[in-house]
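These are the residues of each chain, in order.
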Amino acid sequence: MELLTFALLGMGVGAIYGIVAQGLVLVYRSSGILNFAQTGFLMIGAYIFYELYVLNGWPYWIALVVAVLACAAMGAAVHLFILRPMRQASAIARLIATLGVLGVLSSIAAIIYQGNTASVPSSLPITSVEILPGVRIGLNIIVLLGIGIAITAALWFFYRYSSFGRITSAVAENQLAASVTGHSPDTIAAVNWALGAALAAVAGILIAPIDYLQSGTLVLLIVPAIGAGLAGRFLSFPLALIGGLVLGMAQSVVSLYVTSPGWSLSIPYILIVAYLVIRGRGIPLRSFVIDKLPKVGTGRIRPVTLAVLVAATIAVLVVVPPQWSSAMTVTLAFAVITLSVVVVTGYAGQLSLAQYILAGVGALAAARLSANWHFPFLAALAGALIITAVLGALLALRARGVSLAVATLAAGMVIFDLVLNNYTLSGGENGVTQDSPNLFGWSIDPTLHPARYGVTVVAVLVLLILAVANIRRGDAGRRMLAVRSNERAAAALGVHVYAAKVYAFTVAAGIAGVGGMLYAFLSPTVTSGNFDLLTSINFVTVTVVGGVGNIFGAVIGATLLPGGLVTQIFFGVQNINAWIPLAGAVGLLLVLRRNPSGIFDMNSELYDQVRDRIMDRIRRHRPVAAGGTTDGAVPAAGGGSAAGGGPAAGGGSASADAAMDELVVARTTRKTLRVEGLRVTFGGVVAVNDVSITVRPGEVHGLIGPNGAGKTTFIDAVTGFVSLAGGRILVDDTDLTRWDARRRARLGIARTFQSLELFDDLTVRENLAVGADDGSALRYLSDIIRPSKPRLRPLVLAALRESRLEDTLDVLPSSLPFGRRRMIAIMRALASDPAVLLLDEPAAGLSDSESEALGALIRNLATKRQIAVLLIEHNLDLVRSISDRMTVLASGSILAEGTPSEVLSHPGVLETYVGDLAPFGTSHD
């Protein structure tokens with residue numbers, strides 16, 4: 001009976017989790033956003049109610065209505081003034097905006113209440129009743145459960161049967177279609193945001209008597225609320241309530257049986273991580289065709305500029321008073337942690353909200369190594385790096401996007417509750433007292449020698465900056481950026497997507513662990529409980545403000561964190577450490593609206609001008625060595641001239657005209673693609689039915705058919721992007737049917753996409769280098785020290801010259817005309833020197849002359865390179881002129897196959913197309 005009693009006691013809190021989750025469902029259904037600011041509204045609603053009801057004596061119901069309406073107005077305002085202008089931003093950027101809103105609301109509460117707790121008397125009956133023999137619970141638990149059920153039932157009925165509910169569902173399915181029918185998606189979303197915020201306020205008022213009002217505690221309810229919403233995929237009101245009840249009951253039951261600290265609090269978070277791991281699919285967020293990701297830096301470091309900055313920083317550390325030196329050191333240590341955010345979020349595109357938590361693990365690990373085993377400073381630093389790197393690798397779940405953000409949030413809370421805030425491990429408020437740090441007998445104790453310790457932190461930061469810059473310029477960085485830009489295209493080029501993510505998490509966690517140790521060792525004792533989740537979120541937001549895609553954006557972001565240099569500058573301002581996060585959160589919202597790439601990118605031209613002026617003055621005061629340069633710039637990735645195509649780009653033949661002829665005998669591997677009885681279904685719809693095609697070396701096989709015939713689905717199946725309902729795929733005698741896309745690419749199958757799917761964060765040269773990458777895992781290590789230069793095969797260089805594209809190598813694909821971008825996509829597919837090449841409508845959007853040149857290139861690739869080419873194309877003249885064989889698909893099945901003349905004279909083809917050749921985009925008669 002005790003088990004049942006505890007389970008029922010947890011239903012009260014579980015019902016509140018469910019109510020908060022209902023608000024998440026409302027926002028998600030209407031605008032496709034996972035609203036991390038939901039518990040910010042909860043906190044504000046609870047505080048408004050507290051001010052009116054407790055402090056000013058307003059009647060209960062009037063105070064409740066005012067608090068709910070105030071939060072509803074805030075919810076609508078957030079959509080209209082923050083998220084609506086960001087409609088073309090990436091899904092992750094919009095999610096980060098909700099984190100900014102959460103930061104604004106929690107900072108306001110921290111400024112007003114200064115972290116103090118407040119209590120609210122319960123207005124619900126607390127008398128216990130016996131509901132079963134030996135099972136007694138409070139009436140307030142029953143009332144809370146009833147309120148949760150009533151709200152859920154009302155929402156379910158309203159959104160299922162009312163016209164507004166049907167319109168909301170229509171907007172969720174297709175905003176454009178809904179707007180065409182006269183319904184404003186913005187109005188619908190604003191109303192749902194208001195309702196969601198109102199529900200959060202209700203939940204805050206209900207939970208206030210159960211727990212003390214404390215801003216840092218209330219906002220963390222977002223994690224169990226997200227867990228409840230996950231139960232219904234943020235679409236089902238009843239399942240969200242059930243999910244909340246299960247989490248609340250699990251917490252209560254675990255507290256009965258497990259006395260170890262942190263376990264009962266961690267249960268919701270553990271369940272969330274387990275759910276995301278088992279389910280293995282991402283939370284689908286509404287995205288747009290023109291998603292804008294933050295720009296990424298090139299990774300080039302100018303040694304002279306860096307040396308000047310380092311020398312100036314060290315000089316200031318040595319000259320200024322100790323308190324200023326310590327404040328600067330705090331900011332520099334924070335810059336190490338924000339640098340980790342650049343790696344995992346800026347480069348790999350994975351939103352991790354646990355970087356500061358990982359920094360705490362590094363700090364605690366180093367402190368224990370120093371205190372318990374007397375590890376010297378550098379050994380403890382290495383230990384912190386290794387331990388957090390391993391933990392980071394474990395956090396690299398097979399989730400993506402928002403699911404990964406939720407998983408890292410939940411995992412961060414588990415680590416905080418079970419490790420960082422565990423008295424047995426962390427020493428509680430007393431912390432862990434480490435040995436006085438020294439380097440080879442030279443004391444760098446930050447209390448006795450703050451400047452020395454500061455110089456040490458500068459040295460570590462510079463080494464890590466150089467390492468991250470090297471990663472960016474090497475194969476490792478190109479792989480991560482390819483994954484960030486387009487996972488499907490990356491896999492099609494042979495990039496191991498999951499390995500790239502694991503690498504990003506591993507490196508970022510190791511860097512965060514180093515930063516955590518450097519920061520924590522500023523004090524004689526390490527108190528790991530200070531590494532909390534809200535601050536971890538703040539580290540992400542300030543890095544975005546500074547520029548999450550740029551190394552020096554991380555340094556700018558670090559200055560916006562409390563406790564460092566800015567705190568010292570405004571030392572006399574009351575409660576300054578609460579005002580700084582507010583400024584950072586407001587800055588985040590402004591930056592996201594104006595330029596998601598951050599402050600560094602917004603002022604990059606100014607930085608360039610200042611740097612050039614400094615360099616000009618340096619040049620005037622020193623001689624220029626014969627044949628040398630005074631700039632000291634690191635050569636562009638890949639070396640060579642800006643025009644590209646020289647030896648540094650991978651070499652090439654002496655004559656562009658003879659380039660292809662010289663490569664006739666270069667290929668030693670010839671492979672035949674055989675597809676037998678291929679069948680693909682989506683639900684109950686048959687997309688491809690019993691299709692068998694053989695493509696031989698040196699042959700161009702044209703695959704034609706009207707839109708919807710199954711041509712692209714056929715290529716997707718061959719390259720491993722859709723599951724088969726039947727059939728086999730073989731290259732020579734190797735059965736690839738169960739292989740993933742990456743393994744098929746590594747075997748020699750390359751493809752293009754209708755939508756190009758180039759990596760817009762990488763230059764054309766780097767796009768081609770991703771295709772030419774041999775996938776060596778050793779580069780993940782070697783690039784840290786010596787970045788690998790882009791390597792372009794002679795085949796690609798010859799094709800670039802033949803297509804007159806060599807002048808595009810060092811520009812971004814987005815700056816090129818569409819026709820040239822399409823040709824670059826083909827070159828990227830060729831970069832791996834494939835044996836089988838699948839081209840999906842390569843001539844779409846090309847002019848007649850461009851199409852003619854493309855046809856000549858394809859024919860050369862087949863004839864001279866002995867590549868097996870499968871060509872999907874609507875330009876019938878092109879297909880007929882270069883194909884050896886053709887296959888016609890209609891409704892997923894083969895209509896005709898044979899030589900071009902045989903196929904085009906086939907009765908079925910004539911009946912289908914002679915009278916209407918528009919599907920082929922040609923006037924051929």
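Keep in mind it's a predicted model, so treat the numbers as computed, not measured.

(A) Summary view of the pattern of salt bridges. Enumeration according to the criterion identifies 22 salt bridges in this entry. Note that Asp761 and Arg484 form a salt bridge whose closest N and O atoms lie 2.8 Å from each other. Placement of Asp761 in the loop between β12 (749-751) and α32 (764-772) and of Arg484 in helix α20 (residues 475-485) is noted, with a sequence separation of 277 residues between them. On the accessibility criterion, Asp761 (13% relative accessible area) is buried. The class of Arg484 is buried, set by a relative accessible area of 10%. A cluster of three or more residues bridged by salt bridges with shared partners is formed by Asp475, Arg478, Arg479, Asp773, Asp774, Arg779 and Arg791.

(B) Structural view of the sheet that holds strand β14 (residues 868-872). Taken in spatial order, the six strands line up as β12-β13-β14-β9-β15-β16 in an open sheet, and their pairing is mixed. With one partner strand each, in any of the chains shown, β12 and β16 (893-898) form the two edges of the open sheet. The sheet shows a mean angle of 15° between the axes of neighbouring strands, direction not considered. Sheet topology note: the strand β15 (residues 885-890)/β16 ladder contains five bridges and is antiparallel. By the bridge assignment, Thr887 is partnered in β16 with Glu897.

(C) Layout of the packing of aromatic side chains. All told, the structure shown has 23 aromatic pairs when counted by the stated rule. With a centroid separation of 6.2 Å and an interplanar angle of 65°, the aromatic rings of Phe377 and Phe521 are classed as edge-to-face. On the criterion of sequence distance, the pair formed by Phe377 in helix α16 (residues 377-395) and Phe521 in the loop between α22 (497-520) and β6 (525-526) is long-range, its members being 144 residues apart. With relative accessibility at 4%, the residue Phe377 sits in the buried group. Taken together, a centroid distance of 4.4 Å and an interplanar angle of 35° make the contact between Tyr503 and Tyr780 tilted. One end of the pair, Tyr503, is in helix α22; the other, Tyr780, is in helix α33 (residues 779-785), and 277 residues separate them in sequence. Judged by its relative accessible area of 12%, Tyr780 is buried.

(D) Spotlight on the side chain of Asn486. Take Asn486: it is sitting in the loop between α20 and α21 (487-492). What makes Asn486 buried here is its relative accessible area of 17%. From its side chain, Asn486 meets the backbone nitrogen of Ala489 in a polar contact 2.9 Å long. Apart from residues lying up to four places away in sequence, Asn486 is in contact with Glu757 and Phe759.

(E) Quick look at a nonpolar patch on the surface. On the surface, Leu4, Ile131, Leu132 and Ile142 cluster together into a nonpolar patch covering about 290 Å² of accessible area. Note on placement: Ile142 falls in helix α5 (residues 139-161). Exposure remark for Ile142: the relative accessible area of 36% places this residue in the partly exposed category.

(F) Here's a closer look at the nonpolar core. Residues Phe36, Leu213, Val223, Ile226, Val406, Leu409 and Leu518 are the most contacted members of the largest nonpolar core, which totals 209 residues. Listed in part, the 47 residues of the second largest apolar core include Val796, Leu837, Leu839 and Ala896.

Rules used throughout
Residues numbered from 1 in each chain as written. Predicted model: local features only at pLDDT ≥ 70, side-chain atom pairs only at ≥ 80, totals over all residues. Heavy atoms only, no water. Salt bridge = Lys/Arg side-chain N within 4 Å of Asp/Glu carboxyl O. Helix = DSSP H or I, 4+ residues; strand = E, 2+ residues; numbered from the N terminus. Buried < 20%, exposed > 50% of the residue type's maximum accessible area, 1.4 Å probe, protein only. Pairing = 2+ DSSP bridges. Axes fitted to C-alpha atoms, helices over the stretch in contact; angles between N-to-C directions. Phe/Tyr/Trp six-rings, centres within 6.5 Å; stacked < 30°, edge-to-face > 60°. Polar contact = N/O pair within 3.5 Å; in protein donor to acceptor, adjacent residues only side chain to side chain. Contact = heavy atoms within 4.5 Å. Patch = residues over 30% accessible without salt bridge, like charges linked within 9 Å, V, L, I, M, F, W, Y side chains within 5 Å. Areas by Shrake-Rupley, 256 points an atom, 1.4 Å probe, with all protein chains shown as cover. Core = buried A, V, L, I, M, F, W, Y, C linked by side-chain atoms within 4.5 Å.

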